[in-house]
Amino acid sequence: MIILAIDAATRCGFAMGRIGSTPASWSDRLKSPDDPPSRAARKMGIVLRDLFSTTRPDVVYIEQPVRGGMNMQTNANTLLVLQGLYMAVHAICGPYGVRTSEAHVQTVRKHFVGAARPDNPKRAVLDRCHALGWLERDCKDDNRADALALWAFACHQQIERGYTAPATGLVHAEAAE
């Protein structure tokens, strides 16, 4: 089973691989600061079309977008980009016959680093990816790291749902202890 995990944002993180393998990961800037929010969704369509022409994942996981609220420090354009990318991924995958699923960022972090709200969430996820050898030690790309964490969570979920494959090494926080 091939899983593609997407950390949707202006700079989007991607992680893809078979359950039981070491995933590939990369990031891509979907829009420049001066571009309208819709540019990100169009670019996501191009990225997924190009990817699906060579490798068709069995399922795509995407982080649920943040919800705006009183305590959020996210502006309206950012919320529009995040929600637009979330919807675009689901819409783009449909015609290709690729299943989609989603996860909440805190659920993913709890699984991957052992805490839903670590003191420095980005650092904790990066450190875990470095420890697993999934990112080079000098890599500071938290978008890739977040996608890798989501990929690990997705593998775990698929195995829990009955997919039988060897575990992907240390992908769960408890396994590191």
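Residues numbered from 1 in each chain as written. Predicted model: local features only at pLDDT ≥ 70, side-chain atom pairs only at ≥ 80, totals over all residues. Heavy atoms only, no water.

With 88% of its residues at a pLDDT of 70 or more, the protein chain has an overall mean of 88. Ranking the elements of the protein chain by mean pLDDT puts helix 2 (residues 76–96) last with 91 and strand 3 (residues 24–29) first with 97. Within the model, pLDDT remains below 50 along residues 166–177, and this stretch shows 29 contacts once partners closer than five positions in the same chain are excluded. (pLDDT = per-residue confidence, 0-100. Helix = DSSP H or I, 4+ residues; strand = E, 2+ residues; numbered from the N terminus. Contact = heavy atoms within 4.5 Å.)

Take the nonpolar core next. Among the nonpolar cores identified, the biggest contains 27 residues, and I3, F112, C129, W134, L135, L150 and W151 are the most heavily contacted of them. Those elements giving two or more residues to this core turn out to be strand 1 (2–7), strand 4 (59–63), helix 3 (105–113), helix 4 (121–132) and helix 5 (142–160). Among the elements that make up this core, the one with the highest residue count is helix 5 (10 residues). In contact with L150, not counting residues within four places along its chain, are A5, I6, Y61, I62, E63, A103 and V108. Counting residues in hydrophobic clusters, the runner-up holds 24 residues, among them C12, V47, V60 and I62. (Core = buried A, V, L, I, M, F, W, Y, C linked by side-chain atoms within 4.5 Å. Buried < 20%, exposed > 50% of the residue type's maximum accessible area, 1.4 Å probe, protein only.)

Attention now moves to helix 2. Given a rise of 1.5 Å per residue, 21 residues ought to cover 30 Å, and the 31 Å separating the end C-alpha atoms of helix 2 matches this to within 8%. Taken together, the buried positions of helix 2 are L79, V81, L82, L85, Y86, A88, V89, I92 and C93. On the buried face of helix 2, the contacting elements are strand 1, helix 1 (38–54), strand 4 and strand 5 (99–103). Looking one or two places after helix 2, you find G97, whose phi comes out positive at around 75 degrees. (Expected span 1.5 Å × (residues − 1).)

A word on the environment of I2. Summarising the element assignment, I2 is placed in strand 1. On the accessibility criterion, I2 (13% relative accessible area) is buried. What I2 contacts, discounting residues up to four positions off in sequence, is M16, G17, R18, T55, R56, P57, D58 and V59.

What follows deals with the pattern of salt bridges. Two side chains that carry opposite charge are able to pair once their charged atoms sit near each other. Enumeration according to the criterion identifies six salt bridges in this entry. One salt bridge in this structure joins D127 and R123, with 2.9 Å as the shortest N-O distance. Here D127 and its partner R123 are both found in helix 4, four residues apart, which amounts to about one turn of the helix. Classification of D127 by relative accessible area gives partly exposed; the value is 38%. Residues participating in the shared-partner salt-bridge network are K122, D142 and D146. (Salt bridge = Lys/Arg side-chain N within 4 Å of Asp/Glu carboxyl O.)

Let us now look at the sheet that holds strand 1. Read across the open sheet, the five strands follow the order 3-2-1-4-5; overall the sheet is mixed. Edge positions in the sheet fall to strand 3 and strand 5, since each has one partner strand and no second. The sheet shows a mean angle of 20 degrees between the axes of neighbouring strands, taken without regard to direction. Looking at chain direction, strand 2 (residues 11–18) and strand 3 are connected through six bridges and run antiparallel. Considered in strand 3, the bridge of A15 is made with S25. Against the sheet, helix 2 makes contact with strand 1, strand 4 and strand 5, and its axis sits at roughly 170 degrees relative to strand 4, the strand it touches most. (Pairing = 2+ DSSP bridges. Axes fitted to C-alpha atoms, helices over the stretch in contact; angles between N-to-C directions.)

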